[in-house]
Amino acid sequence: MARGRLRIYLGAAPGVGKTYAMLSEAHRRVERGTDCVVAFVEHHRRPRTEVMLHGLEEIPRKELEYRDSFFTEMDVDAVLARRPQVALVDELAHTNIPGSRNDKRWQDVEELLVAGIDVVSTVNIQHLESLGDVVESITGVRQKETVPDEVVRRADQIELVDMSPQALRRRMAHGNIYKPDKVDAALSNYFRPGNLTALRELALLWVADRVDEYLTEYRSEHRVSKIWGSRERIVVGLTGGPEGRTLIRRAARLAEKGAGGEVLAVYIGRSDGLTSASPKELAVQRTLVEDLGGTFHHVIGDDIPSALLEFARGVNATQIVLGVSRRKGWQYVFGPGVGATVARESGPDLDVHLITHDEAGKGRGLAAMPRTRLSRARTMWGWLTGIGGPALLTLLLEAAPGLGLANDVLLFLTLTVAAALLGGLLPALASAALGSLLLNYYFTPPVHRLTIADPKNILALAIFVGVAVSVASVVDLAARRTHQAARLRAESEILSFLAGSVLRGETTLEALLERVRETFGMESVALLERTSDVDPWTCAGSVGPRPLVERPEEADVDMPVGDHMALALSGRVLPAEDRRVLAAFAAQAAVVLDRQRLQSEAEQARTLAEGNRIRTALLAAVSHDLRTPLAGIKASVSSLRSDDVDWSEEDQAELLEAIEDGADRLDHLVGNLLDMSRLQTGTVTPMLREIDLDEVVPMALGGVPEDSVELDIPETLPMVAVDPGLLERSVANIVENAVKYSPDGEPVLVAASTLGERVEVRVVDRGPGVPDEAKDRIFEPFQRYGDAPRGAGVGLGLAVARGFAEAMGGTLDAEDTPGGGLTMVLTLPTAPVAVGATGATVEGDVSAAVTS
């Protein structure tokens, strides 16, 4: 069955019109004859949105009971049974009521897509998982309900529903989003112009990045090489020299001048696959460009200008930033240089910037020398000297005769040595052969004949050829040794860096494979594995477009790792000398994969061990702490039912009181056990409401003796966004713990105050206190401090209180009370805007920050 298609309407804030746009699309599809139903749409009592539901078939919702209230959720089974072509599902990031089929609505949507049903949905930018910290810094509200970015990225179509902050605030003021009694609070808090502008920018940039991914994919599939200047992309050409930092900063300033500008720093390495620049300097420049929001790339190419231009056109760049050449003036006789060549061949689509720097004209260091044995320019000059030099020298000696054969031989020998020093062995041999012929024909008697009359002259020519060959051999050997030394040095640096990063655990499998791809200039790299020789290969990790994930033998380079693992590289065939380094990379990839799996197994083992510890503690609690009140209740009931004793009214009242106390203790212990199990399984879902503390805190004191607590909660405190039930349980557990350890006659103080955008509730006792090293341990499950009797509880009260506080976005910590004792500090977030009285989500009130 073909997978359904997902279309998402993305908005910057509640009220921009996502649901309205989704319903408009549904009407268009119905008019075209498409079977389209409403699986779940929340109109929030907005008249215009509610009208749009008319004429559309709605699937009845499933009603669920939670905390003595009834809520409705999408009925996934009913939608699957109906099997429409298209289903409308509003609020993709919504968290379902406990007891629903799935925890999250996006999981419900995934089931519909797998069943072949197309889905149209909505989501706000603040609910994307990766933007949680950014949104909190903007709005001051931590998003409790989020959707993984990958879920939205996988959508077949993302449509931005945009609206200016001014227009959205006008819509709010006209009552088109909230009821009139909530408008003022919303406009002065979450819907401030600065908040809306920042959220709108986030939405536009996120969608722009997705469009950029689609454009890159399209250009790759259709092999489009011409640059499309859809946005400013600035490529920085690095040489590994210190001027690279100046170029990166200059490129970042250029990118800031254009909206959505992007910086890509690239280093062009030689085809031997190993960098000739300082790895330390390149690492510094990589860090700098990433800190400035850019990316670093390592590209292989012998022809640096061509490789740089090819990379720039491949990433659809619009500008190239290069540094002024470090070569000295006389070195320009060997060619115009990279900057001039790139500027000449860039064409009309690419702007080239040449940036001055402190290293300009100071010459290139050894790290920048070519890595081949002898450069192309040097070889060319060697051949020119070896062939043209003897001919020119012959003309000069013919014009000025009389120097003698010995001097003539020395002059020709000088040219041959020069050819050897410049071009190596072959130009020197050519120079020796040509020089000996010219010496024989023009300067050795009899002249103008290829014969030698004097045997001494034969010896002179033989020595001449021998010296030429010897010098050329030494130069060629020195070049080869230099090349080998440089290569081995680079190999050792790369392997040292690789081993160090892996041993420190700094490299993930994907990062390591990306390093392989960049180092060897490959298009894609994949790590394949199988369990036996007959099983099919599976891909453990890959990078690059279209990696080979079926058979390693079909790749351009196949590097085995053991018997059932291989590294497959696609792009070009590597020389044999590179396979040694590649083998080290492959071995490290296997180590990284094993480490990741061991970490995953260790995490699972830790989770199982924690679960076993909790279960063991629960059994211990059931075996003793729960049996104690049960035994008391049983004894009291048996006494009352006994016919052997005639109990007085006072005795009966005392026994009934004991039964009631035991039942209360039992109810409290069971409640804490159930709450702890909910926290351990992650099923606590707070229903946040805007509420005053003085409505909740007094209710939490019902379980403590009268006159044991003093309250100091000012009426001027701002309202807090909390779950009243969870807050009441948290405060009750904290206060009961404080009363338990407070001396007689010393009431516990419960005071509240404002601290920035938070509210602090401080529970102060005058008990024995807790040492600093034990302050965190008292919040762990089944921990009882000091010599507390076993009947005092199972040690879950504070653990449950902290768990509930963190579930609501707050914190719970312990401090010393000045003068002796312990102070519990419960910090809660203030409520930016109002939330519905039932705790149900209203899109746009900042349970939109929690459940929109």
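Residues numbered from 1 in each chain as written. Predicted model: local features only at pLDDT ≥ 70, side-chain atom pairs only at ≥ 80, totals over all residues. Heavy atoms only, no water.

In this section: the overall build of the protein. A count of helical and extended segments in the protein gives 24 helices and 24 strands. When burial is assessed residue by residue, the protein has 46% of its 852 residues classed as buried. For the protein, restricting intrachain contacts to residue pairs at least 6 apart in sequence, the fraction spanning at least 24 positions comes to 71%. Split by element, the accessible area of the protein, about 42000 Å² in all, is 55% carbon and sulfur. (Helix = DSSP H or I, 4+ residues; strand = E, 2+ residues; numbered from the N terminus. Buried < 20%, exposed > 50% of the residue type's maximum accessible area, 1.4 Å probe, protein only. Contact = heavy atoms within 4.5 Å. Areas by Shrake-Rupley, 256 points an atom, 1.4 Å probe, with all protein chains shown as cover.)

Although it is not a glycine, Arg-83 sits at a positive phi angle of roughly 50°. Mapped onto the elements, Arg-83 comes out in the loop between helix H3 (76–82) and strand S6 (86–89). The exposure class assigned to Arg-83 is partly exposed, which follows from its relative accessible area of 42%. Phi at Glu-91 takes a positive value of approximately 55°, unusual for a residue other than glycine. With a relative accessible area of 5%, Glu-91 lands in the buried category.

What the five strands build is an open sheet, ordered S11-S10-S9-S12-S13; its pairing is parallel. Each end of this open sheet is capped by a strand with a single partner; those strands are strand S11 (295–300) and strand S13 (351–355). On average, each strand axis in the sheet is tilted by 25° relative to the strand beside it, whichever way the strands run. Pairing between strand S9 (residues 233–238) and strand S12 (residues 319–323): three bridges, direction parallel. (Pairing = 2+ DSSP bridges. Axes fitted to C-alpha atoms, helices over the stretch in contact; angles between N-to-C directions.)

Glancing now at helix H4 (residues 105–114). Residues of H4 that are buried include every one of Arg-105, Trp-106, Asp-108, Val-109, Leu-112 and Leu-113, and no others. Burial along H4 is one-sided: seen end-on, the buried residues are contained in an arc of 150°. Immediately beyond the C-terminal end of H4, within one or two residues, lies Gly-116, with a positive phi of roughly 90°. (Arc of directions from axis to C-beta.)

Once that is clear, we can look at the packing of aromatic side chains. If you walk through the whole model with that rule in mind, you get zero aromatic pairs. Just above the ring of Phe-40 sits the side chain of Arg-105; from NZ or CZ to the centre is 3.8 Å. (Phe/Tyr/Trp six-rings, centres within 6.5 Å; stacked < 30°, edge-to-face > 60°. Lys NZ or Arg CZ within 6 Å of the ring centre and 35° of its normal.)

Here we take up helix H13 (residues 338–345). Residues of H13 that are buried include every one of Gly-339, Thr-341 and Val-342, and no others. Projection of H13 onto a plane perpendicular to its axis shows the buried side chains occupying an angular sector of 165°, all on one side. Against helix H12 (304–314), S12 and S13 lie the buried residues of H13. Of the residues trailing H13, Gly-347 is marked for its positive phi of about 80°.

Our next topic: the sheet that holds strand S17 (residues 565–570). Strand pairs in the sheet, formed through backbone hydrogen bonds, run parallel or antiparallel to each other. Pairing within the open sheet is antiparallel, and its four strands lie in the order S15-S14-S17-S16. The sheet is open, and its two borders are formed by strand S15 (538–543) and strand S16 (557–560), each paired with just one other strand. Averaged over all neighbouring strand pairs, the angle between strand axes comes to 20°, with direction disregarded. Inspection of the sheet shows strand S14 (residues 524–529) paired to S15 by five bridges, in the antiparallel sense. In the sheet register, Ala-526 faces S15, and the bridge partner there is Ser-542.

A word on the side chain of Lys-18. Tracing the sequence through the fold places Lys-18 in helix H1 (residues 18–31). Residue Lys-18 is classed as buried on the basis of its relative accessible area of 2%. Reaching out from Lys-18, the side chain makes a polar contact with the side chain of Asn-124 at a distance of 2.8 Å. (Polar contact = N/O pair within 3.5 Å; in protein donor to acceptor, adjacent residues only side chain to side chain.)

Evaluated as defined, the whole model comprises 23 salt bridges. The residue Arg-29 makes a salt bridge to Glu-25 at a minimum N-O spacing of 2.8 Å. With Arg-29 and Glu-25 both in helix H1 and four residues apart, this pair spans about one turn of that helix. Both residues of the pair, Arg-29 and Glu-25, count as buried. For Asp-813, the salt bridge is made with Arg-802, and the minimal N-O distance between the two is 3.4 Å. In this pair, Asp-813 sits in strand S23 (residues 811–816) while Arg-802 sits in helix H24 (residues 797–807), placing the two residues eleven residues apart along the sequence. Given a relative accessible area of 37%, Asp-813 falls into the partly exposed group. Through salt bridges that share partners, Arg-7, Glu-25, Arg-28, Arg-29, Arg-32 and Glu-159 make up one connected network. (Salt bridge = Lys/Arg side-chain N within 4 Å of Asp/Glu carboxyl O.)

Here strand S7 (residues 118–124) lies mainly inside the structure; six of its seven residues are buried. Note that strand S1 (residues 6–11) and S7 share six bridges and pair parallel. By the bridge assignment, Ile-8 is partnered in S7 with Ser-121. Bridge count for S6 against S7 is four bridges, and the pairing is parallel.

What follows concerns the nonpolar core. Counting 43 residues, the largest nonpolar core has Leu-693, Leu-727, Val-735, Met-824 and Leu-828 as the members making the most contacts within it. The element best represented in this core is helix H23 (residues 724–741), accounting for eight residues. Met-824 has contacts with Ile-734, Asn-737, Val-761, Arg-762, Val-763, Ile-778, Phe-779, Leu-798, Leu-812, Asp-813 and Ala-814, leaving out every residue within four places of it along the chain. Within the second largest apolar cluster, 36 residues are counted, among which are Val-37, Val-76, Val-79 and Ala-203. (Core = buried A, V, L, I, M, F, W, Y, C linked by side-chain atoms within 4.5 Å.)

Looking now at the pairing of S17. The buried fraction of S17 amounts to six of the six residues, a majority that puts the element mostly inside the structure. Burial along S17 is two-sided: the face carrying Met-565, Leu-567 and Leu-569 and the face carrying Ala-566, Ala-568 and Ser-570 are both buried. Both S14 and S17 contribute to a ladder of six bridges, which runs antiparallel. Within the sheet, the bridge partner assigned to Leu-528 lies in S17 and is Ala-566.

Next up on the list: the packing of helix H14 (residues 376–399) against helix H15 (residues 405–423). It is at 7 Å that the axes of H14 and H15 come closest, and there the two elements cross at 165°. Considered as vectors, H14 and H15 are oriented roughly antiparallel to each other. You can see that H14 and H15 cross each other, and the crossing is right-handed. Contact residues: H14 offers Arg-378, Thr-379, Trp-381, Gly-382, Thr-385, Gly-386, Gly-389, Pro-390, Leu-393, Thr-394 and Leu-397, while H15 offers Asp-408, Leu-411, Phe-412, Leu-415, Ala-418, Ala-419, Leu-421, Leu-422 and Gly-423. Partitioned by chemical class, the residues of the contact of H14 with H15 number eleven nonpolar, seven polar and two charged. (Parallel < 35°, antiparallel > 145°, perpendicular 65-115°, else oblique. Left-handed = near helix turned anticlockwise from the far one by under 90°. Nonpolar A, V, L, I, M, F, W, Y, C, P; charged D, E, K, R; others polar.)

Judged by side-chain polarity, Met-380, Trp-381, Leu-384 and Leu-422 come together as a nonpolar surface patch covering roughly 370 Å² of accessible area. The leading source of residues in the nonpolar patch is H14, at three residues. (Patch = residues over 30% accessible without salt bridge, like charges linked within 9 Å, V, L, I, M, F, W, Y side chains within 5 Å.)

The grouping of Glu-649, Glu-650, Asp-651, Glu-654, Glu-657, Glu-660, Asp-661, Asp-664 and Asp-667 at the surface amounts to a negative patch. Residue class for Glu-650 comes out exposed when judged on its relative accessible area of 59%. (Lys, Arg positive; Asp, Glu negative; His and termini not counted. Charge placed at Lys NZ, Arg CZ, Asp CG, Glu CD.)

Next up on the list: the side chain of Ser-636. Relative to the elements of secondary structure, Ser-636 occurs in helix H20 (residues 627–641). For Ser-636, a relative accessible area of 6% translates into the label buried. In this structure Ser-636 touches Leu-655, Ala-658 and Ile-659, once residues within four positions along its chain are discounted.

In this section: the environment of Ala-391. Inspection of the secondary structure puts Ala-391 in helix H14. With 21 residues separating them in the primary sequence, Ala-391 and Phe-412 have C-alpha atoms 10.0 Å apart.

The predicted model of the protein has a mean per-residue pLDDT of 77, with 78% of residues at 70 or higher. Low pLDDT, under 50, characterises residues 363–372; the predicted model gives this stretch 22 contacts beyond four residues in sequence or across chains. Confidence over residues 833–852 falls short of pLDDT 50; this stretch has 80 contacts with residues more than four positions distant or in other chains. (pLDDT = per-residue confidence, 0-100.)

Now for the packing of H14 against helix H16 (residues 425–443). Two elements in contact, H14 and H16, have axes whose closest approach is 8 Å; the angle formed by their N-to-C orientations is 15°. If you check the angle between H14 and H16, you find them roughly parallel. In this structure, the crossing between H14 and H16 has a hand that is right-handed. Contacts between H14 and H16 pair Gly-382, Trp-383, Gly-386, Ile-387, Pro-390, Ala-391, Thr-394, Leu-397 and Glu-398 from the former with Leu-426, Pro-427, Ala-430, Ser-431, Leu-434, Leu-438, Tyr-442 and Phe-443 from the latter. The class makeup of the residues in the contact of H14 with H16 is twelve nonpolar, four polar and one charged.

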